[in-house]
Amino acid sequence: MTHAGAGAVEPDLASLEAGPKGTRSLRARGAPLASTAAQLRLLDALRLPGGDFEGALGACGWAELRPAPLEIFQINVGRLCNMTCRHCHVDAGPDRVSENMDRETIDLCLAALDRTGAHTVDITGGAPELNPHFRYLVEQSVARGKHVMDRCNLTVLLLPRCADLPEWLGAREVEIVCSLPHYRRLNTDAQRGDGTFDRSIEALRRLNAAGYGQGHPRRRLTLVSNPAGAFLPGSQASLEREWKSGLARQHGVTFDRLFTLANMPISRFLDWLVERGLVQEYMERLVATFNPATVSGLMCRNTISVAWDGTLHDCDFNQMLDLPVEAPPGRRAHVRDLDRAWLEARRIRTARHCFGCTAGAGSSCGGATT
Ligand code: SF4
Ligand code: SF4
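In this report, the structure presented in the accompanying data block is examined.

How each quantity is defined
Residues numbered from 1 in each chain as written. Chains lettered and ligands numbered in written order. Predicted model: local features only at pLDDT ≥ 70, side-chain atom pairs only at ≥ 80, totals over all residues. Heavy atoms only, no water. Axes fitted to C-alpha atoms, helices over the stretch in contact; angles between N-to-C directions. Helix = DSSP H or I, 4+ residues; strand = E, 2+ residues; numbered from the N terminus. Parallel < 35°, antiparallel > 145°, perpendicular 65-115°, else oblique. Left-handed = near helix turned anticlockwise from the far one by under 90°. Contact = heavy atoms within 4.5 Å. 1 Å grid on protein atoms, 1.4 Å probe; cavity = no way out; pocket = protein on both sides within 12 Å on 5 of 7 lines; lining within 4 Å. Points joined across faces, edges and corners; volume = space filled by probe spheres on them. Nonpolar A, V, L, I, M, F, W, Y, C, P; charged D, E, K, R; others polar. Salt bridge = Lys/Arg side-chain N within 4 Å of Asp/Glu carboxyl O. Buried < 20%, exposed > 50% of the residue type's maximum accessible area, 1.4 Å probe, protein only. Pairing = 2+ DSSP bridges. Right-handed = clockwise from strand over helix to strand, strands pointing away.

With that out of the way, let us pick up the packing of helix α5 (residues 103-113) against helix α6 (residues 134-143). Here α5 crosses α6 at 15°, and the two axes come no closer than 11 Å. Regarding the angle of α5 to α6, the classification is roughly parallel. Of the two elements, α5 crosses α6, and the hand of that crossing is right-handed. Judged by residue contacts, Arg-103, Ile-106, Asp-107 and Leu-110 of α5 engage Tyr-136, Leu-137, Gln-140 and Ser-141 from α6.

This is the structure in C-alpha cells:
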C-alpha cells in the first residue's frame, strides 16, 4: 500500500509547528512508550483493586460488551499534525508523515460506508485537513447524505493551504469539532505549546466570520476540552456556560456546544503521567469513579474506527493501542472486508485503558455520556 502522505508536507507546516517546550512525538524521541505493547503492559502491571474492566462490566450486568447499531463511521486519516500536544493520544506530530491514508483506502472506506447504516462520518487525525485527500473524502461523504464532522485543532486553519476551509466546509454543512483545552491562555499553551491559544482564537474568529458558532444548525461549531492535568473534567453543562461567557467576554468569539473529554491513560498522556509519578493515582481515580450508567453510551458501541491503513478498530483509543476488531474466521480486520452483519455481532475488545471512558460522567468522542 502506498503512503500518500509521504512528500506531501509543505514548508508552511514547519512554520506552524508548535508544542510545549521539548515535546516531540514518542516515536521521534525513541521513547519506550512509543511501543503500544509497552503501554498495555505498564497498565496491566499496576496493582489496582477493582481494576479488571471486564469484571467491572460484569458486576453491573454487562457480561460482554457488544455493539448497538452502527451510527458513526470514524475515519482517522493519519497521524500527521502541525502540533505536538503534550496529552495527545495519537502520538501525532509533524514527523508522522508516512502514516497518512491514501486515496485507495479512502475509496475502500467510502465503499464500506455504503454497506453500513451509519449516518455520520467523523473525520479525525492528526490534523485531518493535512491529508491530501481530505476534501475528496468530505465531498464524497456529503454526496452520500451523511452528516460530516471534521475534528480540527484550530491552528491548522491558519496554514495558507487551509485559509479557505471555514467557508468551504460551511458550504458543505460540515460540523467542525475543535479541540481547545481551555478558554484561558495559560492552560491551553501549557498543553499545546506557546502561542497556541492566540492562534486558536484567531481561527475561531475566522470560523465565526464564516457563520460557524452562531446557533445555525448547518454551521455547528463544537469545542472539545480536556483537563490540563491528572483529574477528571467538571460538569459539561456548567463548563459550557462558563466557556461561552469567558470566550465571548474576553475574546468576542462564540461557539455552539462544548464536549468535555477525560484524558486517556495511553500514549503521550501516559508518558506524562509516568514522568510525574502519577500513573497509579490517576488509574485509581478512574477505577474508583467507574460509573455503570456510562456503559450503554460508550462510543465503541455505535462507532467503528478506521485507521490510516484501513485496519478496523472498536474506537480511536483501541486504534492507538494497535488493538484491531475481532474479525470472524477467514475475514481480516480491514475496511476492505467490513461486513455489517459481523460488525454488529462482534465482541468489543477492552482493557484497563477503558476505565478512562467510564469514569465520572463518562467520556467519548461526543463528550460526556451521561
Ligand atoms: S492532540 Fe490533536 S492537535 Fe495535538 S498533536 Fe494530537 S492530533 Fe495534533
Ligand atoms: S477505550 Fe472506551 S470506547 Fe474504546 S473499547 Fe474501551 S470503553 Fe470502548
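Okay, back to it.
Turning our eyes to something else, we now look at the layout of surface pockets. Considered as a void within the structure, the largest pocket measures approximately 320 Å³ in volume. Counting only elements with at least two residues in the lining of the largest pocket, the list comes to β1 (72-76), β2 (120-124), β3 (147-152) and β6 (257-260). Element by element, the count of residues in the lining of the largest pocket is highest for β3, at 3 residues. Split by residue class, the lining of the largest pocket holds 7 nonpolar, 10 polar and 6 charged. Taken as a whole, the second largest pocket encloses approximately 230 Å³ of empty space. Along the wall of the second largest pocket there are 20 residues; nearest its centre are Thr-36, Arg-79, Arg-96, Met-320 and Asp-322. Its residues assigned to classes, the lining of the second largest pocket shows 7 nonpolar, 7 polar and 6 charged.

Once that is clear, we can look at the pattern of salt bridges. Inspection of the entire model under this criterion finds 25 salt bridges. Put simply, Glu-281 and Arg-285 hold a salt bridge, and the shortest N to O gap is 3.6 Å. You can see Glu-281 and its partner Arg-285 sitting in helix α12 (residues 279-288), 4 residues apart, about one turn around the helix. Residue class for Glu-281 comes out partly exposed when judged on its relative accessible area of 42%. Arg-285 sits in the partly exposed class, given a relative accessible area of 31%.

Along β2, 5 of the 5 residues are buried, which leaves the element largely enclosed by surrounding structure. With burial as the criterion, each face of β2 is covered, one bearing Thr-120, Asp-122 and Thr-124 and the other bearing Val-121 and Ile-123. Where β1 lies against β2, 5 bridges are found, and the strand directions are parallel. Pairing of Ile-75 across the sheet is with Ile-123, part of β2. A crossover connection joins β1 to the parallel β2 through α5; in handedness this β-α-β unit is right-handed. Inspection of the sheet shows β2 paired to β3 by 4 bridges, in the parallel sense.

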